[in-house]
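# Inside the fold
Listed below are the residues making up each chain.
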Amino acid sequence: MYKHALKGGIRTAKQAWKLKNELGKLNLELAKTNSDFEQHLCEAARIIQSCAPPANNTHRPLLLLKKHGDNSKSSSCNSSFTSACSIVANHYQTAVNPRSVTDKTVKPVFRAETGHLNALISSKQFVKVQKQFYRDFSSVSLGSSLKSSDAPLLGDLCSQYRAILAHTSADVLPGEDRQQAQCNYQQKRRSHQHTQSREDQLEQQKMAQKTQFERLPTNVVPRHYELLLQPNLEEFTFKGKTVVQVQVKEPTNQITLNALDITIDSVELDFECTKLKPEKIVYSVENETATLEFGQEIPKETAGVLRMSFTGELNDKMKGFYRSKYFGPNGEERYAGVTQFEATDARRCFPCWDEPAIKATFDITLVVPKDRVALSNMPVIKDDPLPDGLRRVRFDRTPIMSTYLVAVVVGEYDYVEGKSDDGVIVRVFTPVGKREQGTFALEVATKVLPYYKDYFNIAYPLPKMDLIAISDFSAGAMENWGLVTYRETFVLVDPKNTSLMRKQSIALTVGHEIAHQWFGNLVTMEWWTHLWLNEGYASFVEFLCVHHLFPEYDIWTQFVTDMYTRALELDSLKNSHPIEVPVGHPSEIDEIFDEISYNKGASVIRMLHDYIGEDDFRKGMNIYLTRHQYGNTCTEDLWTALQEASSKKVAEVMSSWTQHKGFPVVSVESEQKGDSKRVLRLKQCKFTADGSQAEEDCLWTVPISISTSKNPTGIAKTFLLDKPSMEVILENVEESDWIKINPGTVGYYRTRYSSEMLEQLMPAVERMELPPLDRLGLIDDMFAMVQAGHASTADVLALVDSYRNETNYTVWTAITNSLTNLHILISHTELMDDFHRFGRNLYEPVARRLGWEARDGENHLDTLLRSLVLTRLVSFRSEDIIDTARARFRSHVTGTNPLPADLRTTCYKAVLQDGDEKIFEEMLSLYRSTDLHEEQDRISRALGCCSDVKLLRRVIDFAMSGEVRAQDSVFVIVAVAINPKGRDMAWDFFKENNKQLLERYQGGFLLSRLIKYLIENFATEERAKEVEEFFQTNQIPGCERTVSQAVETIRLNAAWLQRDRPALAAFLVGV
């Protein structure tokens, strides 16, 4: 009976493994004949009989696969597992006594728990497991090597087979006590009966459980790496060697470092005239580590050299060492080799201590085809020809730095070169034939470097700065020291086809990444908990830099809509997180690269900058960077430096902003005392998006500033609100004067005015007496109060009428963002036509003032405003605007009058919104005819605004095709998901294809972004429950917080709609 049952189980495994891969490297001979497999079982039985394992080990092993031909010195099965790339499913240890195994070429050994299996093959439970196994492996390709992501599935299969066998009746293995086995069986049986009714729930809990994450031990640390990499750009593999100078701090017989998706082929440790090879290498896929276990202890204070050789795959996941597709001069596909290591993917390229605090220096060498460009962090010091059309490129030694900042690129590129005023060579590498598109980024970079040198009073420490455009790149850019990598759309500027908004975005991105060369690279956070020190600060300083270089951008006003309000929106959710959030496993780290770390971090630093003043802020930055250069820090180190510089209690003021999630709402009432004295009563409490009372009792130290109508651009009073409530007196304020809290919208909090104070402010908005940042902050706060249920949507829309005379682009951006959120809600009702009419009435006066044509010497912000307003009017179904846009599109297509880049999105959406299949095909032709990534983005995302559901389905198919790069597919699908016509279909697509998407993006922020926009626009409790249940059943690592936030948003939408729908309908009908 064993024979038939095992045949049934193995037949299932054989078919699935054939689909998945043939595991060539592991030499798994699962495709052999049943008789051959039975022979393996016999060999296994003989081994088990000779080992006579103790009873307490009987439940541990399930599956051990051993590579043939292992002639290593150790006879341990575990050693074979590690040094010969074996797999121990579900972390079970072998029960075979290693000392009794003498056959070094043991075939794959399968050991099953025993049982009477007569009816097992046909049982419902067994069939269920088989079907699930086929489902898990149904979408995979033949012939690929086993990936780390497959191990959990493999282990889960094995544990499920084992569970079935465990609760059948109780024959025993040779050497076991039958009565003991019977007791074990009864216990298992009772356990199974007890849990069967909750099977799915418990299985989900099991999948959700994670071993407690531990950082690497520091008993052995690297001092210097010699790293050699040789990519094969045709076979998509690479091989490499490292020679690492290590320091042994404590006596040990093992070294643990990070390794993932690579095979360590050989290891040798040299110290004190001793050469040691590990007896085994133990891999942990879950912890992403490899432990080298030696047969003797390495003494304390030993300086040694660890030599390793390894191989890996140039993957297509845009992480680690990966391949990036581009096209040759004749349109043929070619590939570059590119690295992306932040946060924890250096380990996918070479075995290393992949933590930010374990720094070292690096000598990097690349062996590459002789006709390819080879780049790394440092300049080339030697370039030697090799046989077979190869060359060896050696780079200068790096400063001491973290592994996530190491970078190499191998491919075909042109470049433009310049030199900054302080003597740093700057190059911008572009795709071949697009050299001129790197000119703008070069101009920015050569000006940014001396600006930061002056600002920080510390010179850039490397001799060169390279910027390079990468075709396939998951993020916007990456600050690798001396070799900054960019998505093409964030570094290339085509004068005829790049919009002004994109050009501005490129300036900010270049400023951001170069700021990291000091704040992040020179001084690095100690652990990812302090990620905000890197990203929050760089996100603040990029605006300082661009304001210095391009004052006409009015960039600080745009900061509020780009950074500040987006942070407040996310941070008001109960499922937000503090700026400083404890993280461990890499999947948790990926999840905090979000608006809190970047946008809230930048907003809090901006508030601090305003509180202590520019001069003391710069002085504090210099103290911080000088004191900790080439080292690691935590948040308290920054507060200490700024406190020294300013003599203000920085830590006391700022700790609440980094350690608490959320932010306060400051409620204010006023009372006039006499002719010229105003009493203000202020209260603070945590602001919640749903208006409920916060579960936690938080108190912030809030820097409060106040302005009045006597001097709208000046500050009348400043103080710290460090208690739940406070009363302050303003002198020289008359009864008719308005009072504005938080002028400049600098403080990271919302303000809730009494109705009397708000009534006094609105005329100042209408007359534009309030500065733009104050007009902007006021409307944003009002809409937040609406969502929280503290104000009526209809009442706030009536107040929006005060903004009809508004001329500032950024204020209109804030209004547009709020109305877009409302648009999503109204799309769930029958009020769309009425809302469109309201929108046309609001935006058409601005459109008439601006017109379609740019004026000579036009203000930068007016150019941006024209695009914003016309695009919104297309969405609001303005017939005149749509007709004009269609005519201009036709002239563009025929070549008689090309569209300015700033108006292309407007016109593309106008023709697609009600377009038919002919228009759709015409847009696809435009997409295929351009090689400018920015233009492809514009077209592909505009496709999502089609009204025809069949065409929207084609858009999703197009997004998943080879025509759209994986980095861009997400945003094309999102364009469909935010279209009310495509919302349900996009969600259905995700549910059907989530495994394929997980395999494509391996978790990470792109998948999180997709999930967010797919689900957060629903507005019913039924949908919220459906989404929750789906992700409970289909967990996606690194997306848990995103799902929780999106589900919370769905419920906020539902409550908002239910609460305000009647009054909103009455208001819109009467407009």
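The helix and strand tally for the protein chain stands at 32 helices and 32 strands. The 1071 residues of the protein chain split such that 59% are buried. Here the analysis covers contacts within the protein chain between residues at least 6 apart in sequence; of these, 72% occur between residues at least 24 apart. Of the roughly 43100 Å² that the protein chain leaves accessible, carbon and sulfur atoms contribute 48%.

Before going further, it helps to examine the pattern of salt bridges. One pass over the structure, following the stated rule, counts 65 salt bridges. One salt bridge in this structure joins Glu 268 and Lys 275, with 3.8 Å as the shortest N-O distance. The salt bridge partner of Glu 1021 is Arg 1051, with a shortest N-O separation of 2.9 Å. Taken as a pair, Glu 1021 in helix H31 (residues 1021–1033) and Arg 1051 in helix H32 (residues 1040–1069) lie far apart in primary sequence, 30 residues in all.

Tracing the chain through its elements places Thr 701 in the loop between strand E27 (677–686) and strand E28 (702–708). The contact partners of Thr 701, leaving out residues within four places of it in the chain, are Glu 652, Val 653, Ser 656, Trp 657, Leu 720, Leu 721 and Asp 722.

Spatially, three strands are ordered E6-E10-E9 in an open sheet, and the strand pairing comes out antiparallel. Since the sheet does not close on itself, it has two edges, and those belong to strand E6 (252–258) and strand E9 (280–284), each with one partner. The sheet shows a mean angle of 25° between the axes of neighbouring strands, direction not considered. Bridge count for E6 against strand E10 (residues 289–298) is six bridges, and the pairing is antiparallel. Within the sheet, the bridge partner assigned to Ile 255 lies in E10 and is Leu 292.

Attention now goes to the packing of helix H19 (residues 793–800) against H32. Here H19 crosses H32 at 50°, and the two axes come no closer than 8 Å. Between H19 and H32, the interaxial angle falls into the category oblique. Between H19 and H32, the contacting residues are Thr 793, Ala 794, Leu 797 and Ala 798 on the first element and Trp 1056, Asp 1060, Ala 1063, Leu 1064, Phe 1067 and Leu 1068 on the second. When its residues are assigned to classes, the contact of H19 with H32 shows eight nonpolar, one polar and one charged.

As a further point, take the state of the cysteines. Tallying each qualifying case throughout the model produces zero disulfides. Just so you know, Cys 352 is unpaired, no disulfide at all, and the nearest cysteine sulfur is the one on Cys 349, 8.2 Å from it. Relative accessible area serves as the criterion here: at 0%, Cys 352 is assigned to the buried category.

Here we take up the packing of aromatic side chains. Evaluated as defined, the whole model comprises 50 aromatic pairs. For the pair Phe 889 and Tyr 908, a centre-to-centre distance of 6.1 Å together with 90° between the ring planes defines the contact as edge-to-face. In this pair, Phe 889 sits in helix H23 (residues 879–894) while Tyr 908 sits in helix H24 (residues 904–913), placing the two residues 19 residues apart along the sequence. When its relative accessible area of 1% is taken as the criterion, Phe 889 is described as buried. A cation over a ring is seen here: Arg 427 above Tyr 415, with NZ or CZ 5.7 Å from the ring centre. The ring of Tyr 611 has Lys 648 lying over it, and the distance from NZ or CZ to the ring centre is 4.6 Å.

Turning next to the environment of Lys 325. As for its position among the elements, Lys 325 is in strand E12 (residues 320–327). Leaving out residues up to four positions away in the same chain, Lys 325 has contacts with Glu 333, Arg 334, Tyr 335, Ser 471, Asp 472, Gly 962 and Arg 965.

Moving on to the sheet that holds strand E13 (residues 333–340). What the four strands build is an open sheet, ordered E12-E13-E18-E15; its pairing is antiparallel. With one partner strand each, in any of the chains shown, E12 and strand E15 (373–376) form the two edges of the open sheet. Each adjacent strand pair in this sheet contributes to an overall mean axis angle of 15°, direction not counted. Two strands pair when backbone bridges link them, and E12 and E13 are joined in this way by eight bridges, in the antiparallel orientation. Bridge pairing in E13 links Phe 321 to Thr 339.

Moving on, we come to the pairing of strand E7 (residues 262–271). Here E7 lies mainly inside the structure; seven of its ten residues are buried. With eight bridges connecting them, E7 and strand E11 (residues 302–313) associate as antiparallel partners. Residue pairing in the sheet places Asp 270 in a bridge with Val 305 of E11. Bridge analysis of E7 against strand E8 (residues 274–276) gives three bridges, and the strand direction is antiparallel. Considered in E8, the bridge of Phe 271 is made with Thr 274.

Summarising the model, the protein chain shows a mean pLDDT of 83, and 80% of its residues fall at 70 or more. Confidence over residues 1–210 falls short of pLDDT 50; this stretch has 269 contacts with residues more than four positions distant or in other chains.

You can see Tyr 486 is positioned in strand E23 (residues 483–487). Note: C-alpha distance between Tyr 486 and Gly 476 (ten residues apart in sequence) is 6.0 Å. Among all residues touching Tyr 486, those that are not within four sequence positions of it are Leu 467, Ile 468, Ala 469, Ile 470, Phe 473, Gly 476, Ala 477, Val 491, Thr 509, Val 510 and Glu 513.

It is worth spelling out the packing of helix H25 (residues 917–929) against helix H27 (residues 949–960) at this point. Close contact between H25 and H27 brings their axes to 11 Å; oriented N to C, the two are set at 20°. Considering the angle they form, H25 stands roughly parallel to H27. Note on packing geometry: the crossing formed by H25 with H27 is right-handed. When H25 is examined against H27, the residues Glu 917, Phe 920, Glu 921, Leu 924 and Tyr 927 are found in contact with a partner set consisting of Leu 951, Arg 954, Val 955 and Phe 958. Here the residues of the contact of H25 with H27 are counted per class, giving six nonpolar, no polar and three charged.

Rules of the game
- Residues numbered from 1 in each chain as written.
- Predicted model: local features only at pLDDT ≥ 70, side-chain atom pairs only at ≥ 80, totals over all residues.
- Heavy atoms only, no water.
- Helix = DSSP H or I, 4+ residues; strand = E, 2+ residues; numbered from the N terminus.
- Buried < 20%, exposed > 50% of the residue type's maximum accessible area, 1.4 Å probe, protein only.
- Contact = heavy atoms within 4.5 Å.
- Areas by Shrake-Rupley, 256 points an atom, 1.4 Å probe, with all protein chains shown as cover.
- Salt bridge = Lys/Arg side-chain N within 4 Å of Asp/Glu carboxyl O.
- Pairing = 2+ DSSP bridges.
- Axes fitted to C-alpha atoms, helices over the stretch in contact; angles between N-to-C directions.
- Parallel < 35°, antiparallel > 145°, perpendicular 65-115°, else oblique.
- Nonpolar A, V, L, I, M, F, W, Y, C, P; charged D, E, K, R; others polar.
- Disulfide = S-S within 2.5 Å.
- Phe/Tyr/Trp six-rings, centres within 6.5 Å; stacked < 30°, edge-to-face > 60°.
- Lys NZ or Arg CZ within 6 Å of the ring centre and 35° of its normal.
- pLDDT = per-residue confidence, 0-100.
- Left-handed = near helix turned anticlockwise from the far one by under 90°.

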